[in-house]
Amino acid sequence: MHNATIKSLAAGLASRAYSSVELTQHFINRINGLDQKYHAFITLNPEASLKQAKAADALRSAGKGQPLTGIPIAQKDIFCARGWLTTCGSKMLSNFTSPYDAHVVERLNKAGAVILGKTNMDEFAMGSSSETSYFGPVRNPWDVDKVPGGSSGGSAAAVAARLAPGAIGTDTGGSIRQPAALSGICGLKPTYGVVSRYGMIAFASSLDQGGPLARSAEDLALLLNVMAGFDPRDSTSLEREREDYTRELGKPVKGLKIGLPEEFFAKGASPDVMRAVDAAVGEFRKLGCETVEVSLPNMKLSVPVYYVLAPAEASSNLARYDGVRYGYRAPEYTDLLDLYKKSRAQGFGQEVKRRILIGTYVLSHGYYDAYYIQAQRVRRLIARDFAEVFKRCDVIMGPTSPTTAFRVGEKMGDPVQMYLNDIYTIPANLAGLPGLSIPCGFDAAGLPVGLQLMGKHFSEGLLLGAAHRYQQATDWHLRVPTETPL
Amino acid sequence: MALTLEDVKRVAHLARLAIDEAEARAVLSQINDVLKLISEMQAVDTRGVEPMPHALDVVQRLRADSVTESNQQRDLLQSVAPEVEGGLYLVPKVIE
């Protein structure tokens, strides 16, 4: 069962080949048996999961089943789920049981999906390796000495190791796509505003976007169909007609115009990554796509711009952790100021504190225009580059990440090296565009490579359709990590 | 522009983060590395370019100025607070 896609598990549930209780128990058993190797999960609550599974079985029996009814889904521990410990990978929230559901969680619950568990992640989603978690690093199922990528590394590792058929994550600068690439699965960051941020613990609000991780483009579409939707409680949630993200899955890609930005194909990515990406582009040509060379001249400024905007917004968002209303409070303090300072110093990890300091500095008196406003101006230049390019093509393709999975510990001492890892994923967040990563091959060491597809705003359906067509012609997405017992 | 040790301590105070000498020293060079990375975008000529605060140029949605939430959730929300009494959050004495 654990190698099946969500699509086929839904068929199995619909035909009564197995119940959701059996399916959920199967995945709980796998997690109990295997997750000490990967550390993909922070919290399990089998009792709550099985209760949901039972309710899902009743729904299906009553003929009220939807595609996700009874499917166990792993949730990144950044989504508030009522009654569940919701830590965001931080000591600050290590005692926080959420009193309410995120909009996405509400929607999944309503569709009858089962919360399988809460997945490990970089603290407050700040990282590209899932190593900054207060609960310890996540390991890559393809090689446990390597990182799974981050920050949604627990969700990616869980899906890759067949501990969950699908998962949800968040992407601020690549946190869904990069771990999907490094862990050999599929991940989609939707257009900004498509998925509500309500109850999704905030990192950088103008960039944060929730999205699905799964093993096929088709499964991503099924998950996004439930996750997406207008929510008045998120002021940036978009009021749009409901879309069926599976609608393009059957369509041929013949005539699709693929833009290949020279900045994605210039030296920068490793030769193994480029070989796999070039081969994938060749496959799309075989399927009848046209390719056109394009350029995003300001793309190289994405990482510098991001490391002004994201820390600035984070320093403001994380001001709420004061040791007063919820979360960690230092055991000893002399007065209110001391309570704030000690609770925050003890509750946050090194990377989070570093970003709060950078963010506070760039927003401080006398520096605001030179850093924050300038970054917002350059952000517009980057977004304009994309608008120009999309006059000439339908989708952009390139690598998701410049390298395959790196060693645990390798980049922890050098923040700038870690940050540069997101060079290909950050631009989509800055411009608010949808981005998708799908497996497209392996490096010499047998580690997976991800192909990134980006499109215009609201082109998720088109991207998923193109990815699905590719996955019908290839089998990279079906490969199972060699270390994962079957 | 590079930060000094004093800058780091000042910013840590603004951010309400306790920081000791050793920690400030350790973080100083890392922050300066990041600022060096950031300086690349500072050289760009952006005269006449409107700042882009939001990924899609949409207007903030407004709603009627009416009460939409009751106070009935107070107990639930305070159930996760470190210290409460009689519906109030407790902090050290602020006014003598």
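Residues numbered from 1 in each chain as written. Chains lettered and ligands numbered in written order. Predicted model: local features only at pLDDT ≥ 70, side-chain atom pairs only at ≥ 80, totals over all residues.

Right, let's get into the overall build of chain A. Summing up its helical and strand segments, chain A has 16 helices and 11 strands in all. The dimensions of chain A, computed from C-alpha atoms along their principal axes, are 65 × 55 × 45 Å. Out of the 486 residues in chain A, the part that is buried amounts to 63%. (Helix = DSSP H or I, 4+ residues; strand = E, 2+ residues; numbered from the N terminus. Buried ≥ 20, exposed ≤ 12 C-beta atoms within 10 Å, placed from the backbone.)

Looking now at the overall build of chain B. Across its full length, chain B carries 3 helices and 2 strands. Traced from its N-terminal end to its C-terminal end, chain B shows the element sequence α-α-α-β-β. Taken over the C-alpha trace, chain B has a radius of gyration of 22 Å; the compact-globule value for 96 residues is 12 Å, which it surpasses by more than 25%. Across its three principal directions, the C-alpha atoms of chain B cover 55 × 45 × 25 Å. Counting over 96 residues, chain B shows a buried share of 16%. (Rg over C-alpha atoms; globule rule 2.2 N^0.38 Å.)

In this section: helix α4 (residues 103-110) of chain A. Residues and elements named next belong to chain A. Turning to α4, its buried residues are H103, V104, V105, R107 and L108. Turning to α4, the residues buried within the fold contact β2 (72-76), β4 (166-171), β6 (209-214) and α7 (217-227). A positive backbone phi angle near 90° is found at G112, which sits one or two residues after α4. (Contact = placed C-beta atoms within 7 Å.)

One way to put it is that helix α12 (residues 350-363) of chain A packs onto helix α2 (residues 21-42) of chain B with a least axis distance of 11 Å and a crossing angle of 60°. Our classification of the angle between α12 of chain A and α2 of chain B gives oblique. Where α12 of chain A crosses over α2 of chain B, the two elements pack in a sense that is right-handed. Of α2 of chain B, the residues touching α12 of chain A (which contributes R354, L357 and I358 of chain A) are V27, Q30, I31 and V34 of chain B. (Axes fitted to C-alpha atoms, helices over the stretch in contact; angles between N-to-C directions. Parallel < 35°, antiparallel > 145°, perpendicular 65-115°, else oblique. Left-handed = near helix turned anticlockwise from the far one by under 90°.)

Residue and element names in this part refer to chain A. As a packed pair, helix α10 (residues 302-317) and α12 sit with axes 7 Å apart at the nearest point and diverge in direction by 95°. Between α10 and α12, the crossing angle belongs to the class labelled roughly perpendicular. Between α10 and α12, the contacting residues are V308, P311, A312, A314 and S315 on the first element and R355, I356, I358, G359, T360, V362 and L363 on the second. Classifying every residue of the contact of α10 with α12 by side-chain character gives 8 nonpolar, 3 polar and 1 charged. (Nonpolar A, V, L, I, M, F, W, Y, C, P; charged D, E, K, R; others polar.)

Residues and elements named next belong to chain A. One can find N317 in helix α10. C-alpha separation for the pair N317 and S205, spaced 112 residues apart in sequence, amounts to 8.1 Å. Once residues within four sequence positions are removed from consideration, N317 is found in contact with A202, F203 and S205.

All right, on to the sheet that holds strand β7 (residues 257-261) of chain A then. All names here are of chain A. The sheet built from 11 strands is open, its strands ordered β1-β3-β2-β4-β6-β5-β10-β11-β9-β7-β8 with mixed pairing. Each edge of the open sheet carries a strand with a single partner, namely β1 (41-43) and β8 (290-294). Between one strand axis and the next, the sheet turns by 30° as a mean value, whatever way the strands run. (Pairing = 2+ DSSP bridges.)

Before going further, it helps to spend a moment on unusual backbone geometry. Cis rather than trans, the peptide bond between G150 of chain A and S151 of chain A has omega equal to 10°. Within the secondary structure, S151 of chain A sits in the loop between β3 (114-119) and α5 (153-160). We note that S130 of chain A has phi near 60°; this positive angle belongs to a residue other than glycine. Tracing the chain through its elements places S130 of chain A in the loop between β3 and α5. A tally of 36 C-beta atoms within 10 Å means that S130 of chain A is categorised as buried. Its identity as a non-glycine residue notwithstanding, R16 of chain B has a phi of 55°, on the positive side. Judged by the 21 C-beta atoms lying within 10 Å of it, R16 of chain B is buried.

Opposite the 41 residues of chain B that make contact, chain A presents 53 residues. Counting residues per element, the ones that place at least two in the side of chain B that touches chain A are α1 (5-14), α2 and α3 (74-78) of chain B. A total of 10 residues in the side of chain B that touches chain A trace back to one element, the largest contributor, which is α2 of chain B. Taken together, the residues of the side of chain B that touches chain A sort by class into 30 nonpolar, 6 polar and 5 charged.

This brings us to the environment of A280 of chain A. Its place among the elements puts A280 of chain A in helix α9 (residues 271-286). For A280 of chain A, the residues in contact, after removing those within four places along its chain, are C440 and L451 of chain A.

Residue and element names in this part refer to chain B. Overall, the predicted model of chain B reaches an average pLDDT of 91, with 99% of residues at or above 70. Mean pLDDT in chain B bottoms out at α3, which sits at 89, and peaks at α1, which reaches 97. Interface scoring of the predicted complex returns ipTM 0.95; its pTM is 0.97. (pLDDT = per-residue confidence, 0-100.)

Turning to the nonpolar core, a few remarks are in order. Counting 169 residues, the largest nonpolar core has I73, A158, V305, V308, L357 and V395 of chain A as the members making the most contacts within it. For this core, the leading source of residues is α10 of chain A, giving 9 residues. (Core = buried A, V, L, I, M, F, W, Y, C linked by C-beta atoms within 7 Å.)

Residue and element names in this part refer to chain A. The sheet contact formed by β7 and β8 spans 5 bridges and is parallel. Pairing of G259 across the sheet is with V292, part of β8. Looking at chain direction, β7 and strand β9 (residues 395-399) are connected through 2 bridges and run parallel. Along β9, the bridge assignment pairs G259 with I396.

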